[in-house]
Amino acid sequence: MEAPHESASWKDWFAEHGPRLLLCARQWTRTLADAEDVVQEAFVRYWRHQRGLPGNPQALLLVSVRRSALDLARRIGRRKAREELADGGLEDRHGYFVPLPGDGDERRREIECALRRLPDEQREVLVLKIWQERTFDEIGRLLEVSPSTAASRYRYALISLRRELEPLCHG
Amino acid sequence: MDESLKELEDELSRLHPARPSLAVAARIEAELALGESRTAAPQPGASVANRTRRLAWSLCVAAAAAAVTFVALRQSPSVAPLPDHANSVTRPSGAVTTSQPPLSPDDAEYRPVDARSVFYGVSAETGVYLRDQTPVQQVRYRYLDTYTWKNQATHASLQWTVPRDEIRVIPAILH
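Read on for an overview of the structure.

What counts and what doesn't
- Along each chain, residue indices are assigned from 1 in the same order as the chain's sequence is written.
- Chains carry letters from A onward and ligands carry numbers from 1 onward, assigned in written order.
- Whole-chain, interface and lining totals are the exception, using all residues; otherwise, since this is a predicted model, local features are given only for residues with pLDDT of at least 70 and side-chain atom pairs are given and counted only at 80 or more.
- For two strands to be treated as a pair, DSSP must find at least two bridges joining them.
- Each helix is a run of H or I in the DSSP string that is no shorter than four residues. Each strand is a run of E no shorter than two, and both are numbered from the N terminus.
- Think of each axis as a best-fit line through the C-alpha atoms, taken over the contacting stretch in the case of a helix, with angles from 0 to 180 degrees between the N-to-C directions.
- Exposure in this text rests on C-beta crowding, where 20 or more other C-beta atoms within 10 Å of a residue's own make it buried, 12 or fewer make it exposed, and counts in between make it partly exposed. The C-beta atoms are placed from the backbone.
- Remark: residues whose backbone-derived C-beta atoms lie within 7 Å of one another are considered to be in contact.
- Residues are grouped as follows: Ala, Val, Leu, Ile, Met, Phe, Trp, Tyr, Cys and Pro are nonpolar; Asp, Glu, Lys and Arg are charged; all remaining types, including Gly, are polar.

Thoughts on the sheet that holds strand 4 (residues 135-151) of chain B
Residues and elements named next belong to chain B.
Then comes step 1: The antiparallel open sheet is built from 3 strands, whose spatial order is 3-4-5. The sheet terminates laterally at strand 3 (110-129) and strand 5 (157-171), the two strands that pair on one side only. This sheet shows a mean twist of 15° between the axes of neighbouring strands, independent of strand direction.
Then comes step 2: Note that strand 3 and strand 4 share 16 bridges and pair antiparallel.

Considering the pairing of strand 4 of chain B
Then comes step 1: Connecting the antiparallel pair strand 3 of chain B and strand 4 of chain B is a turn made up of 5 residues, with B:Gln133 showing a positive phi of about 70°.
Then comes step 2: Counting the residues that bridge the hairpin from strand 4 of chain B to strand 5 of chain B gives 5 residues, and of these B:His155 lies at a positive phi of roughly 65°.

As for the environment of B:His155
Residues and elements named next belong to chain B.
Then comes step 1: Assignment of secondary structure puts His155 in the loop between strand 4 and strand 5.
Then comes step 2: A count of 7 C-beta atoms within 10 Å places His155 in the exposed class.
Then comes step 3: With 45 residues separating them in the primary sequence, His155 and Tyr110 have C-alpha atoms 9.1 Å apart.

Section: the interface of chain A and chain B
Then comes step 1: Chain A puts 31 residues into the contact, and the matching count from chain B is 26 residues.
Then comes step 2: Those elements giving two or more residues to the side of chain A that touches chain B turn out to be helix 1 (10-27), helix 2 (32-50), helix 3 (57-87), helix 4 (104-117) and helix 7 (147-170) of chain A.
Then comes step 3: In terms of residues, the side of chain A that touches chain B owes the most to one element, helix 2 of chain A, which gives 10 residues.
Then comes step 4: Of the residues in the side of chain A that touches chain B, the class split is 17 nonpolar, 3 polar and 11 charged.

Now the structure itself:
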């Protein structure tokens, strides 16, 4: 992967990798707006202070995004919980993925629904593996679990997804 | 891994995550530009969006405080500013309400972190006629608003509670 400091500008790099970072951030935040705030904060911190560091920039950014998301969750957790009790929950209805043309979009929506129904710990591993192309070792380090736990969660996630989607395929 | 899971993996990887909104890129650009023009080290977490929110939040607090003062002065003719406290008014209940928050966001390192409102009473008041002679009933809703500001550097916090009365009017038939 191209390091951001080798890019002509942060815009090019962000245009290419921002969507995947945002998808990850959405696994750790409650709303799209929160996820965008987290990505912004992490990216600015990275660009200013960390882009000269050795190592995989995407991995550094992921750590930064997760840390920002956890900080945000701690800051607003109690308030959000109260709000959710009051308004029946904050459901993030913005799509995870770019809409597909024609009939393909129906399938995209089915996959998104199935993804949202996965347990959080399975969905975050799946997202990191599929759309961030992280290894189980890297995922384990990021989430502070063993690589085998990360691999198990990934497998369970795929099996659950297949089970959710199969009736739709054959129905 | 069996074949169907592999196919599912491939199908998932063909989906492209949605892009961040254009506003995010604009905010990043503004923040990076701000960082370049600033000599002081940036504060982690102090994004432009957050600062904008804080500013809007503190404006809301100031507006709410001003509204409280306005309502108090308008609804309670006996209420008058104390001579020794230019920014304060005495409520009928005896509580002291400041018309401004004790600190502005630019003071020290304190930032607003929490605001909550407790509703504790409602009472019907006398009926009145509006200017167009519409008869209405005044209803007074009573709240206690609590604001918390925190110093990001020292983690010291500052909390104050302000009584707030909200007068609503509802259509009524007056005899």
